Amino acid sequence: MSAHRFAVNVLPKPGILDPQGRAVERSLPHLGVDGVTDVRVGRRVELTVEASDDAAARAVVERLAGELLANPLIEAYTIESVAGASSTTAVGAA
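As the structure is a prediction and not an experimental result, all values here were calculated from the model.

What follows covers a nonpolar patch on the surface. Nonpolar side chains collect at one region of the surface, where Leu31, Val33 and Val36 lie side by side and expose about 260 Å² of accessible area between them. Looking at the element boundaries, Val36 is found in the loop between helix H1 (19-27) and strand S2 (43-51).

So, on to the confidence of the model for the protein chain. Looking at the protein chain, the pLDDT average stands at 91 and 88% of residues meet or exceed 70. With pLDDT under 50 throughout, residues 85-91 is counted as low confidence; its partners more than four residues away or in other chains account for four contacts.

Looking now at the side chain of His4. Its location among the elements puts His4 in strand S1 (residues 2-12). In terms of polar contacts, His4 uses its side chain to reach the side chain of Ser2, at 3.0 Å. Excluding residues that lie within four positions of it along the chain, His4 makes contacts with Leu47, Thr48, Val49, Ala51, Asp53, Asp54 and Ala57.

Counting residues in each nonpolar core, the largest one holds twelve residues, listed as Phe6, Val8, Val10, Leu47, Val49, Ala51, Ala57, Val61, Ala65, Leu69, Ala70 and Ile79. Where this core is concerned, the elements lending two or more residues are S1, S2 and helix H2 (54-69). In terms of residue count, the dominant contributor to this core is H2 (four residues). Discounting residues that sit within four places of it in the chain, Val49 has contacts with Ser2, Ala3, His4, Ala57, Val60 and Val61.

Glancing now at the sheet that holds S1. Reading across the sheet, the three strands line up as S2-S1-S3 and stay open at both edges, with antiparallel pairing between neighbours. The sheet terminates laterally at S2 and strand S3 (75-81), the two strands that pair on one side only. Between one strand axis and the next, the sheet turns through 25° on average, direction left out of account. Its contacts with the sheet put H2 on S1, S2 and S3, and the angle it makes with S1 is roughly 30°.

Turning our attention to the pattern of salt bridges. Tallied over the entire structure, the rule returns five salt bridges. Between Glu46 and Arg44 there is a salt bridge, with the nearest N and O atoms lying 3.0 Å from each other. Across the salt bridge formed by Glu80 and Arg44, the nearest N and O atoms sit 3.5 Å from each other. Here Arg44 lies in strand S2 and Glu80 lies in strand S3, a separation of 36 residues in the sequence.

Cut-off values and rules
Residues numbered from 1 in each chain as written. Predicted model: local features only at pLDDT ≥ 70, side-chain atom pairs only at ≥ 80, totals over all residues. Heavy atoms only, no water. Patch = residues over 30% accessible without salt bridge, like charges linked within 9 Å, V, L, I, M, F, W, Y side chains within 5 Å. Areas by Shrake-Rupley, 256 points an atom, 1.4 Å probe, with all protein chains shown as cover. Salt bridge = Lys/Arg side-chain N within 4 Å of Asp/Glu carboxyl O. Helix = DSSP H or I, 4+ residues; strand = E, 2+ residues; numbered from the N terminus. pLDDT = per-residue confidence, 0-100. Contact = heavy atoms within 4.5 Å. Polar contact = N/O pair within 3.5 Å; in protein donor to acceptor, adjacent residues only side chain to side chain. Core = buried A, V, L, I, M, F, W, Y, C linked by side-chain atoms within 4.5 Å. Buried < 20%, exposed > 50% of the residue type's maximum accessible area, 1.4 Å probe, protein only. Pairing = 2+ DSSP bridges. Axes fitted to C-alpha atoms, helices over the stretch in contact; angles between N-to-C directions.

As structure tokens, this is what we get:
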């Protein structure tokens, strides 16, 4: 068994209302940011899976993404391999 690191990125499907994305987009002009459109807000889940090989680990992540992490009616997801440790560095922290 070996450890396999993945990230699942979940976003609202195209055509599904995204109130958080709209709120961010409406706030941008107040920050002096122009030219940014089609903002979508989602979530990222990082996880490590112990499995015999990458294909077996990815199958576990596919199942989790499809059955638990994303609502297949309104959300789409992508799965990516992540090398090394999780990204725990806080960006913009004081």
